[in-house]
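Residues per chain, in single letters:
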Amino acid sequence: MSNDAEILARAKERASHGRQQDEGVLVIRTIAMPADTNPAGDIFGGWIMSQMDLAAGNLAARVAQGRCVTVAVEGMQFLNPVKVGDEVTLYASLQRVGRTSMCIHIDVWARSRYARNGEKVTDAEFVFVSLDENGKSRALPKD
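Residue numbers here run from 1 along each chain, matching the order of that chain's written sequence. Local features are withheld for residues below a pLDDT of 70 in this predicted model, meaning they are given only at 70 or higher, and side-chain atom pairs are given and counted only at 80 or more; totals for whole chains, interfaces and linings count all residues. Values reported for side chains reflect all heavy atoms of the structure, with hydrogen atoms and water molecules removed beforehand.

### Points about the pattern of salt bridges
Phase 1 of the analysis: Just to be clear on terms, a salt bridge is a Lys or Arg side-chain nitrogen sitting within 4 Å of an Asp or Glu carboxyl oxygen. By the definition in use, this model includes five salt bridges.
Phase 2 of the analysis: The closest approach of N and O atoms between Arg-29 and Glu-87, which form a salt bridge, is 3.7 Å. Of this pair, Arg-29 sits in strand E1 (residues 25-31) while Glu-87 sits in strand E3 (residues 87-97), and the two are 58 residues apart along the sequence.
Phase 3 of the analysis: Exposed residues in this analysis have more than 50% of their type's maximum accessible area, buried residues have under 20%, and partly exposed residues fall in between, with area computed by a 1.4 Å probe over protein chains only. Given the relative accessible area of 46%, Arg-29 is considered partly exposed.
Phase 4 of the analysis: Given a relative accessible area of 19%, Glu-87 falls into the buried group.
Phase 5 of the analysis: Its salt-bridge partner being Arg-111, residue Glu-87 comes within 3.3 Å of it at the nearest N-O pair. With Glu-87 in strand E3 and Arg-111 in strand E4 (residues 101-111), this residue pair connects regions lying 24 residues apart in the sequence.
Phase 6 of the analysis: Overlapping salt bridges bring together Arg-29, Glu-87 and Arg-111 as one network. The helix count covers DSSP runs of H or I at least four residues long, the strand count covers runs of E at least two residues long, and both are numbered beginning at the N terminus.

### Some details on the nonpolar core
Phase 1 of the analysis: Of all hydrophobic cores here, the largest spans 26 residues; its most connected members are Ile-104 and Ile-106.
Phase 2 of the analysis: Those elements giving two or more residues to this core turn out to be helix H2 (45-64), E3, E4 and strand E5 (119-130).
Phase 3 of the analysis: In terms of residue count, H2 provides more of this core than any other element does, eight residues in total.
Phase 4 of the analysis: Here Ile-106 is in contact with Met-52, Ala-55, Ala-56, Leu-90, Tyr-91, Ala-92, Thr-122, Asp-123, Ala-124 and Phe-126, once residues within four sequence places are set aside. The set of buried Ala, Val, Leu, Ile, Met, Phe, Trp, Tyr and Cys residues whose side-chain atoms join them within 4.5 Å is what this entry labels a nonpolar core. Contacts are residue-level and defined by heavy atoms, with any inter-residue pair within 4.5 Å sufficient.

### What about the sheet that holds E5?
Backbone-to-backbone hydrogen bonds join strands into a sheet, with any given pair of strands oriented parallel or antiparallel.
Phase 1 of the analysis: Taken in spatial order, the five strands of this open sheet run E1-E3-E4-E5-E2, and their pairing is antiparallel. A single partner strand is all that each edge strand has here, and the edge strands are E1 and strand E2 (68-74). With direction set aside, neighbouring strand axes in the sheet form an average angle of 30°.
Phase 2 of the analysis: Convention adopted: a line fitted to C-alpha atoms gives each axis, helices being fitted over their contacting stretch, and angles between N-to-C directions are expressed from 0 to 180 degrees. On top of the sheet, H2 reaches E1, E2, E3, E4 and E5; it is set at about 45° to E5, its chief contact. The pairing criterion is simple: DSSP has to find at least two bridges between the two strands.

### Some details on the side chain of Asp-36
Phase 1 of the analysis: Looking at the element boundaries, Asp-36 is found in the loop between E1 and H2.
Phase 2 of the analysis: Although Asp-36 lies buried, it forms no salt bridge, and the closest oppositely charged side chain, Arg-113, sits 12 Å away as judged by the N-O distance.
Phase 3 of the analysis: Beyond its immediate stretch of four places on either side in the chain, Asp-36 contacts Asp-42, Ile-43, Phe-44 and Trp-47. Think of it this way: Lys and Arg go in the positive column, Asp and Glu in the negative one, and His and the chain ends go nowhere.

### With respect to the environment of Asn-80
Phase 1 of the analysis: Its place among the elements puts Asn-80 in the loop between E2 and E3.
Phase 2 of the analysis: Assessed through its relative accessible area of 22%, Asn-80 is described here as partly exposed.
Phase 3 of the analysis: With 41 residues separating them along the chain, Asn-80 and Val-121 place their C-alpha atoms 4.9 Å apart.
Phase 4 of the analysis: Setting aside residues no more than four positions away along its own chain, Asn-80 makes contact with Glu-119, Lys-120 and Val-121.
Phase 5 of the analysis: Engagement of the side chain of Asn-80 in a polar contact is seen with the backbone oxygen of Lys-120, the distance being 2.7 Å. Under this definition, polar contacts are N or O atom pairs within 3.5 Å; protein pairs additionally need one hydrogen-donor-capable and one acceptor-capable atom, and for neighbouring residues in sequence, both atoms have to be side-chain atoms.

If you want it as structure tokens, here you go:
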């Protein structure tokens, strides 16, 4: 098995035995539209990643009670394609909190318009830093 095939196999294994669809906080549910497609007609991976960043940023702002910025994205692999008309659902869960930063896990699921169940599309860890009004890192609230 090639290195790429091994990585994909491990990711699919993690998806089937790891998190369940309803773990984490439901942050975004949207419909994939034709404007979001790549030249092959599938939903553009960049659109999915931007939805993930929006979802993670939403939770980060709640935790920080203020402005945050994305500083890293770790471990993203696409497991299944998303088609036009699919319902795309994003779940967020807070993984770690430091003094000024936090790590938020995002799971993405897609459900065909007429299907009962969805399939996991991808997941990743997003690292955010809390900022003050001058754009400098600031300590996260203690509560």
